[in-house]
Amino acid sequence: MNQLKNEIKEFAVSQGAQLVAMASAQAYNGYLAEVEKRLQDTGAQLEDFMAWPVANMPGSREMSFFTHLSDARKSLPTVKTIIILGVYAYDENAIYKNTRRQLRGKTARIYSYYPVVRQIAEHVVSFLEEHGHKAIQGQNIPLKYVADRIGIGAYGKNGILQTHAYGSYIALRNILTEAEFEPDNFDKPSTNCRGCERCIKACPTGALYAPYKVNPKLCINPITRSQPYIEPQIRSKMQNWIHGCDICQEVCPANKNLICRRVDPRVGFDPRRHASHKNLDGMERTPALLELLTDKRPELIRRNAAIALANTSKAGKEALAALKEQLAGVSSGLKEYFTWAIEKLEQSKIPKGCSISRE
Ligand code: B12
Ligand code: SF4
Ligand code: SF4
């Protein structure tokens, strides 16, 4: 089996994985206790976590998703080994300097690489099956928690797994298999986290409410991807993020000296295979805000683009004209955001010290 283990690792690397590690399948009870505490602290519900209920799972609706994650046997009852894959996601498209002055929206770096790590995982599953071992792939376990325990990396205070070679920009995925492999026994790495708490200070909405802890109700990531209504005071804090948010990773010194990789051709998104990307439609490559406002895009993206324009310091006349042009045709749901964005941009044009007459 050791030879097959090495072959699988070599195969995953040949397919583009930077990290491959194996752990024995077990239940993660410490994880569940922490989730319960998180739910109590924040009053968050399943939707806030971008999670989904799991049918027939005992316990509350909120816990069903996490209970499912907490034990790999709930996804594959005969599982013996968990294989974790990691793909480095900081590429040449991810250089976002000064985008708040450039009518350009930002998308979370790791999301572009979910389709990449998923495709590699699918190939590894086929490889295992060809060798007679049942396997499935997905996000069936608490990936950071398991990766931290087996020593692929360690938690930062921003709540994200950090690695020495790739910082925190690593897209993770698991394979569960009936094949029994010797678990990897890495030395626990010293953490990259310097404890500076820049991540906590920089989080614009206060979503990082304590070291390691995220309130999903305030996190820009789920807000841009789902939330039906965004309060005006949160809109102003969203900067120009239109799908996800990387602020707590951008400010982190552990990510400062990363060398960006070449873009993997598989980052092109596939809506049939990854539900959370159904709104992107190739946006990672052309996140120009004015184009995202148009009715060629889903409502959620148009809403986020309007908010991002309002938060873009040099948006100016061009943005105002585009928002006004679209305003007449937008749905009643979108109208509020477009009107808010227009007002915010018009206000920002008024020189300081002037007052507005409302007559
Ligand atoms: C639910 C979820 C979310 C929720 C909740 C986030 C959260 N931090 O819990 C929301 C929607 C907000 C979210 C946001 C994001 N997510 Co998310 N998310 C998940 C998901 C599905 C489960 C995570 C989970 O179990 N959360 C529950 C909490 C309780 O678990 P935990 O964060 O591991 O908490 C542990 C620590 O707090 C630790 N702990 C507590 N106290 C202490 C003290 C010390 C000293 C230490 C060391 C540890 C520690 O114990 C807890 C229990 O184990 C995973 C996929 C998966 N199946 O694993 C992706 C996942 C974690 N997300 C991911 C990403 C990329 C993001 C975003 C960066 C996306 C973006 N750019 O917009 C943001 C980051 C926000 C942040 N700062 O965490 C990646 C992370 C990759 C990585 N390198 O770590 C994952 C693994 C998905 C993937 N396939 O790669 N996410
Ligand atoms: S910003 Fe500082 S405290 Fe936060 S994760 Fe990075 S090193 Fe740790
Ligand atoms: S992803 Fe953005 S909003 Fe969410 S915790 Fe990090 S900095 Fe805060």
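Everything below is about the structure printed above this text.
Since the structure is predicted, the reported quantities are computational estimates derived from the model, not experimental observations.

**Q** I would appreciate a short explanation of the sheet that holds strand S1 (residues 19-24) in the present structure.
**A** Strand pairing in a sheet relies on backbone hydrogen bonds. The paired strands run either parallel or antiparallel. Taken in spatial order, the four strands line up as S1-S2-S7-S4 in an open sheet, and their pairing is antiparallel. The sheet is open, and its two edges are formed by S1 and strand S4 (135-138), each paired on a single side. For this sheet the average axis-to-axis angle between neighbouring strands, irrespective of direction, equals 20°. Both S4 and strand S7 (residues 170-177) contribute to a ladder of four bridges, which runs antiparallel. Each residue of the ladder has a partner; that of Gln137, found in S7, is Ile175. Where helix H5 (residues 114-130) meets the sheet, it contacts strand S2 (81-88), S4 and S7, and its direction lies at approximately 20° from that of S7. Its contacts with the sheet put helix H6 (residues 143-150) on S1, S2 and S7, and the angle it makes with S7 is roughly 85°.

**Q** Got a minute to help me understand the site of ligand 1 in this structure?
**A** Not every one of the 35 residues close to ligand 1 is listed here, only the nearest: Tyr31, Lys144, Tyr145, Tyr155 and Leu172. Within the side chain of Tyr155, a nitrogen or oxygen atom sits 2.5 Å from an oxygen atom of ligand 1. Contact between ligand 1 and Asp246: a nitrogen atom at 2.8 Å from a side-chain N or O atom of the residue. Of all elements in the fold, only helix H2 (29-42), helix H4 (109-112), H6, S7, helix H8 (220-225) and helix H10 (247-250) reach the threshold of two or more residues within the shell around ligand 1. Considering every element that reaches the shell around ligand 1, the biggest residue donor is H2, with four residues. Looking at the shell around ligand 1 residue by residue, the classes come out as 25 nonpolar, six polar and four charged. Counting only domains with at least three residues in the shell around ligand 1, you end up with domain 1 (2-177) and domain 2 (198-349).

**Q** I'm lost on the side chain of Asp184 in this one. Help?
**A** Mapping Asp184 onto the fold places it in the loop between S7 and helix H7 (198-202). Residue class for Asp184 comes out buried when judged on its relative accessible area of 14%. A polar side-chain atom of Asp184 sits 3.0 Å from a polar atom in the side chain of Lys5. Engagement of the side chain of Asp184 in a polar contact is seen with the backbone nitrogen of Met22, the distance being 2.7 Å. Not counting residues within four places of it along the chain, the set of residues in contact with Asp184 comprises Lys5, Lys9, Val20, Ala21 and Met22.

**Q** Whenever I open this one, the nonpolar core confuses me. Can you help?
**A** A general tendency of soluble globular proteins is for nonpolar side chains to be buried together. Counting 64 residues, the largest nonpolar core has Ile8, Leu85 and Ile175 as the members making the most contacts within it. Setting aside anything within four residues of it in sequence, one finds Ile8 in contact with Met22, Ile83, Val124, Phe127, Leu128 and Phe181. Counting residues in hydrophobic clusters, the runner-up holds 36 residues, among them Ile247, Leu280, Phe338 and Ile342.

**Q** Please explain the site of ligand 3 as it appears in this structure.
**A** Taken together, Cys203, Thr205, Ala207, Leu208, Cys219, Ile220, Cys245, Ile247 and Cys248 form the complete shell of residues around ligand 3. Classifying every residue of the shell around ligand 3 by side-chain character gives eight nonpolar, one polar and no charged.

**Q** Explain the pairing of S7 here, please?
**A** Consecutive residues of a regular strand have side chains that alternate between opposite faces of the sheet. Across the eight residues of S7, eight count as buried, placing the element largely inside the fold. Where burial is concerned, the two faces of S7 agree: the one with Ile170, Leu172, Asn174 and Leu176 and the one with Ala171, Arg173, Ile175 and Thr177 are both buried. Of the strand pairs in this sheet, S2 and S7 are connected by eight bridges, and their pairing is antiparallel. Considered in S7, the bridge of Ile82 is made with Leu176.

**Q** Just checking my understanding: could you explain the environment of Ile247 for this structure?
**A** Relative to the assigned elements, Ile247 resides in helix H10. According to the relative accessible area criterion, Ile247 is buried, its value standing at 7%. Not counting residues within four places of it along the chain, the set of residues in contact with Ile247 comprises Ala202, Pro204, Gln239 and Trp241.

**Q** How should I be thinking about helix H12 (residues 299-310) in this particular structure?
**A** A rise of 1.5 Å per residue sets the reference length of H12, with its twelve residues, at 16 Å; its end C-alpha atoms lie 17 Å apart and thus fit the reference within 8%. Every buried residue of H12 is listed here: Leu300, Ile301, Arg302, Arg303, Asn304, Ala305, Ala306, Ile307, Ala308, Leu309 and Ala310.

**Q** Just checking my understanding: could you explain the pattern of salt bridges for this structure?
**A** Oppositely charged side chains can pair when the atoms bearing their charge come close. Per the stated rule, a full pass over the model turns up 16 salt bridges. Between Arg73 and Asp71 there is a salt bridge whose closest N-O contact spans 3.0 Å. On the basis of relative accessibility, which here comes to 42%, the residue Arg73 falls in the partly exposed class. By relative accessible area, which is 10% here, Asp71 ends up buried. A salt bridge links Glu197 to Lys157, with the shortest nitrogen-to-oxygen separation between them at 2.8 Å. Taken together, the positions of Glu197 in the loop between S7 and H7 and Lys157 in the loop between strand S5 (154-155) and strand S6 (161-162) put the pair 40 residues apart, joining distant regions of the chain. By relative accessible area, which is 27% here, Glu197 ends up partly exposed. One connected set of salt bridges, linked through shared partners, spans Lys106, Arg109, Asp246 and Glu250.

What counts, and where the lines are drawn
Residues numbered from 1 in each chain as written. Chains lettered and ligands numbered in written order. Predicted model: local features only at pLDDT ≥ 70, side-chain atom pairs only at ≥ 80, totals over all residues. Heavy atoms only, no water. Pairing = 2+ DSSP bridges. Helix = DSSP H or I, 4+ residues; strand = E, 2+ residues; numbered from the N terminus. Axes fitted to C-alpha atoms, helices over the stretch in contact; angles between N-to-C directions. Contact = heavy atoms within 4.5 Å. Near = heavy atom within 4 Å. Polar contact = N/O pair within 3.5 Å; in protein donor to acceptor, adjacent residues only side chain to side chain. Nonpolar A, V, L, I, M, F, W, Y, C, P; charged D, E, K, R; others polar. Domains from an automatic or database assignment. Buried < 20%, exposed > 50% of the residue type's maximum accessible area, 1.4 Å probe, protein only. Core = buried A, V, L, I, M, F, W, Y, C linked by side-chain atoms within 4.5 Å. Expected span 1.5 Å × (residues − 1). Salt bridge = Lys/Arg side-chain N within 4 Å of Asp/Glu carboxyl O.

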